[in-house]
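# A look at the structure
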Amino acid sequence: MSGKNSFWSYLFVLAAGIVLICFHTRVNILAWLIMFVGVMFAVPGLIGVITGISRSSRNRGVNASTMISSIGSLIIGVIMIIWPEPFAGVFVYVLAAVLLIAGFCQIWVLAVDYKPYSMPLWLYILPVLIFITGIVMICTPLREIESAFTLMAGIAMVAAAANGLFIYLAAYNSAKPELNEAKQHDTIGNE
């Protein structure tokens, strides 16, 4: 992932984490989150169905796979909006898996991708804690974790975003002297 994309991704994760922290005391926050995800499925599905119907009425032909996926997306979205409770467990475990992956990826990035740079060891602390949070969320029964789910996930997302931004800035600052040396070397070589 390029540096600018990483930066923006971390900012969006930071914003989502702050929202989860701010709304962790709301009743049925999981249901609301699932309904929001349902809307994210239903709207593109509805647009795809309308587009498919309008294309068929103009005799342009309909792509069957696109129409089937649009109808499926619309159905899943409507079910998630109308009946979000069955999806709560799945949502918790998916987010826990995302935390596991995020923690592992940040550890991997620090250990492998930024190997030429000397990164401080304290940058490894938050990815390890995020990974542990994901494991705790997967191992804890849903009834016990539902009340603390959004707070844990929000804190972990903010920590992941902050650590990702720290890694980005540390790598940027480490690469800057090397880039300046390379430019000076090219300037001397051209003279």
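A short tour of the structure in this document, coming up. What you are looking at is a predicted structure, and each value in this text was computed from that prediction instead of being measured.

Once that is clear, we can look at helix H2 (residues 29-57). Look at H2: 42 Å from first C-alpha to last across 29 residues, which is about the 42 Å you get at 1.5 Å a residue. Within H2, burial applies to Ile29, Leu30, Ala31, Ile34, Met35, Gly38, Ala42, Gly45, Gly48, Val49 and Gly52. Looking at the residues trailing H2, positive phi occurs at Asn59, about 55°.

Within soluble globular proteins, side chains that are nonpolar tend to cluster in buried spots. Judged by nonpolar contacts, the single largest core of 17 residues is most densely connected at Leu30, Val92, Leu99, Ile130, Met137, Phe149 and Ala153. Mapped by element, the contributors of at least two residues to this core are H2, helix H4 (87-113), helix H5 (125-139) and helix H6 (142-190). A per-element tally of this core places H6 first, with 6 residues. If we skip the residues at most four places from it in the chain, Leu99 touches Ile130, Phe131, Thr133, Gly134, Met137, Ala156 and Met157. Counting residues in hydrophobic clusters, the runner-up holds 6 residues, among them Leu123, Ile167, Ala170 and Ala171.

Next up on the list: a nonpolar patch on the surface. Taken together, the side chains of Trp122, Ile125, Val128, Leu129, Ile132, Val136 and Phe166 present a nonpolar region at the surface, about 630 Å² in accessible area. Locating Ile132 in the fold gives a position in helix H5.

Moving on, we get to the packing of H4 against H5. Taken N-terminus to C-terminus, the directions of H4 and H5 make an angle of 155°; their axes are 8 Å apart at the nearest point. Accordingly, the angle class assigned to the pair H4 and H5 is roughly antiparallel. The element H4 and its partner H5 pack so that their crossing is left-handed. In this structure, H4 uses Val92, Tyr93, Ala96, Ala97, Leu99, Leu100, Gly103, Phe104, Gln106, Ile107 and Leu110 to contact H5, whose residues at the interface are Pro127, Val128, Ile130, Phe131, Thr133, Gly134, Ile135, Met137 and Ile138.

The subject of this paragraph is the packing of aromatic side chains. This structure, assessed with the given rule, holds 2 aromatic pairs. Where Trp122 meets Phe166, the ring centres are 5.8 Å apart and the plane angle is 70°; that geometry is what we call edge-to-face. Here Trp122 is found in the loop between H4 and H5, whereas its partner Phe166 is found in helix H6, with 44 residues between them in sequence. We classify Trp122 as partly exposed; its relative accessible area is 46%.

The rules behind these values
- Residues numbered from 1 in each chain as written.
- Predicted model: local features only at pLDDT ≥ 70, side-chain atom pairs only at ≥ 80, totals over all residues.
- Heavy atoms only, no water.
- Helix = DSSP H or I, 4+ residues; strand = E, 2+ residues; numbered from the N terminus.
- Expected span 1.5 Å × (residues − 1).
- Buried < 20%, exposed > 50% of the residue type's maximum accessible area, 1.4 Å probe, protein only.
- Core = buried A, V, L, I, M, F, W, Y, C linked by side-chain atoms within 4.5 Å.
- Contact = heavy atoms within 4.5 Å.
- Patch = residues over 30% accessible without salt bridge, like charges linked within 9 Å, V, L, I, M, F, W, Y side chains within 5 Å.
- Areas by Shrake-Rupley, 256 points an atom, 1.4 Å probe, with all protein chains shown as cover.
- Salt bridge = Lys/Arg side-chain N within 4 Å of Asp/Glu carboxyl O.
- Axes fitted to C-alpha atoms, helices over the stretch in contact; angles between N-to-C directions.
- Parallel < 35°, antiparallel > 145°, perpendicular 65-115°, else oblique.
- Left-handed = near helix turned anticlockwise from the far one by under 90°.
- Phe/Tyr/Trp six-rings, centres within 6.5 Å; stacked < 30°, edge-to-face > 60°.

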